[in-house]
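# Report on the structure
So you can see what is in the structure, the chains are spelled out below.
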Amino acid sequence: MKVLQVSASYYPALSIGGPVVAVHELNRSLVSIGLDLTVFTTNAHVENIVTADQEQDVDGVRVTYFSFDKRLEWLGGSGWQYSPALVNAFKKRLKEFDLLHIVGVWNYPSVMMLRLASRYNMPVLLSPHGSLKPEHFRTKAWKKWLYYQLLVKPYLGRHVTIQYFTEEEKQESTEYFHFKASGVAIANGIFLPDISPRTPQKTLETLYKGKTVILFLGRLHSVKGLEFLMDAFAKLVTRCPSAYLVVAGEGHPSYVAELKARCDALKLQDHMTFLGLVKGESKQRILELADIYVLPSYNEAFSMSILEAMAYQLPIVISDRCYFSEIESNQAGYVLMHDQQQWMKSLDRLLTDESLRCSMGEKAKALVASRYRWDIIAETYKSCFQHMFDERGSK
């Protein structure tokens, strides 16, 4: 069984966020368990890093970064990635592959692969990464609906299986769009870090001496709920002066400037900091230094930073729009609506009870280790591919 994966961008295009890392880690894991996998992508965001239009080995994964025409990049915030070279390569090598795995929706490679797979009746696993959630269509609604109706919906036939991250996302999207395509819930995974167990008084040994560090880790965007978090934190810090908010991530310069101005207006200069983008050892370090992880997002597909925080034994406080109810059911943290009093109460409880932080952190680590390791997730994907392959053979 040979699988071709197609995406508009690929690792190491780190500037566009966590999904490219998650997809590459998935592919490394799939190859490690014996799946015959090839990746077609574009050289978007990595033009000066990779060689275009020739296959290369990326951590054991066969990847071809095809060149693309930049004249149509104005069509989207992350570009359109118009790549005839990628499409032509697929047409030439079509018979080599049994299944197609399409990552993303709002780009030229995904649209063309959906169209061609429909023409040739090729089984497709479509991973929209949250792009086909009802919430996603509540901004720029008419543009997205037009795009969906013309370029996506006609090709979501019964040969397509849509991959969601959670059963909640699957149910909501299926009921909203009335898909003919079948669906399957498969989460992202993580490679567990090698860390020492957390001990009491940990924060006294960190760079933030005497502070209890609340960490936001991710892309800085209005959908992430940072304004909501900062407003709640400004009230909380009057009761818990040892609380310290660390915001790690990058975003559009104008939006980051707005957040920093809000920090000044709320008089939080001595109680929070903006680190910018952290990666590699710097990212590991801040995860080790933190005491509580927060994500008050209004619309989240499946946050890799949640898994990372759990792997580092942090208690988790997230919104109910993160689609991760297991955190609360496993006593690994709190899943809250966007209610300031709820957030202040939950954070206050964690800030003032170190044993509760340790207990929830241990349960978070146990949860991610038992269900979200990449070796477990990769086997689930492989079983899904095998089922799709067998179904095609029986028709």
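Relevant structure appears above.
What comes next is a walk through the structure. (Residues numbered from 1 in each chain as written. Predicted model: local features only at pLDDT ≥ 70, side-chain atom pairs only at ≥ 80, totals over all residues. Heavy atoms only, no water.)

Cis peptide bonds are those with omega within 30 degrees of zero, and the linkage from Tyr11 to Pro12 qualifies with 10 degrees. Within the secondary structure, Pro12 sits in the loop between strand E1 (2-7) and helix H1 (19-32). The phi dihedral of Gln313 falls on the positive side, at around 65 degrees, and the residue is not glycine. Its place among the elements puts Gln313 in the loop between helix H9 (304-311) and strand E13 (316-319). Residue classification places Gln313 among the buried positions, given a relative accessible area of 10%. A positive phi angle, close to 55 degrees, is found at Gln331, a residue other than glycine. (Helix = DSSP H or I, 4+ residues; strand = E, 2+ residues; numbered from the N terminus. Buried < 20%, exposed > 50% of the residue type's maximum accessible area, 1.4 Å probe, protein only.)

Next up on the list: the sheet that holds strand E14 (residues 333-336). The sheet built from 6 strands is open, its strands ordered E11-E10-E9-E12-E13-E14 with parallel pairing. Two strands lie at the open edges of the sheet, namely strand E11 (272-276) and E14, each paired on one side alone. Between one strand and the next, the sheet's axes are offset by a mean angle of 20 degrees, whatever the strand orientation. As paired strands, strand E9 (residues 212-217) and strand E12 (residues 292-295) are joined by 2 bridges and run parallel to one another. (Pairing = 2+ DSSP bridges. Axes fitted to C-alpha atoms, helices over the stretch in contact; angles between N-to-C directions.)

Because side chains alternate across E12, one face comprises the buried residues Ile292 and Val294, and the other comprises Tyr293 and Leu295, equally buried. In this sheet, E13 lies alongside E12 in parallel orientation, the contact comprising 3 bridges. Within E13, the residue paired with Val294 across the bridge is Val317. Handedness of the crossover joining E12 and E13 through H9: right-handed. (Right-handed = clockwise from strand over helix to strand, strands pointing away.)

Let us look at the sheet that holds strand E7 (residues 160-164). Pairing within the open sheet is mixed, and its 8 strands lie in the order E3-E4-E2-E1-E5-E6-E7-E8. Across the chains shown, the open sheet's two edge strands, defined by having one partner strand only, are strand E3 (55-58) and strand E8 (182-185). Direction aside, the axes of adjacent strands within the sheet are offset by 25 degrees on average. Each of E1, strand E2 (36-42), E3, strand E4 (61-66) and strand E5 (99-103) touches helix H2 (residues 84-93); the most contacted strand, E2, lies at about 150 degrees to it. (Contact = heavy atoms within 4.5 Å.)

By themselves, these figures tell us nothing about what the structure is for.
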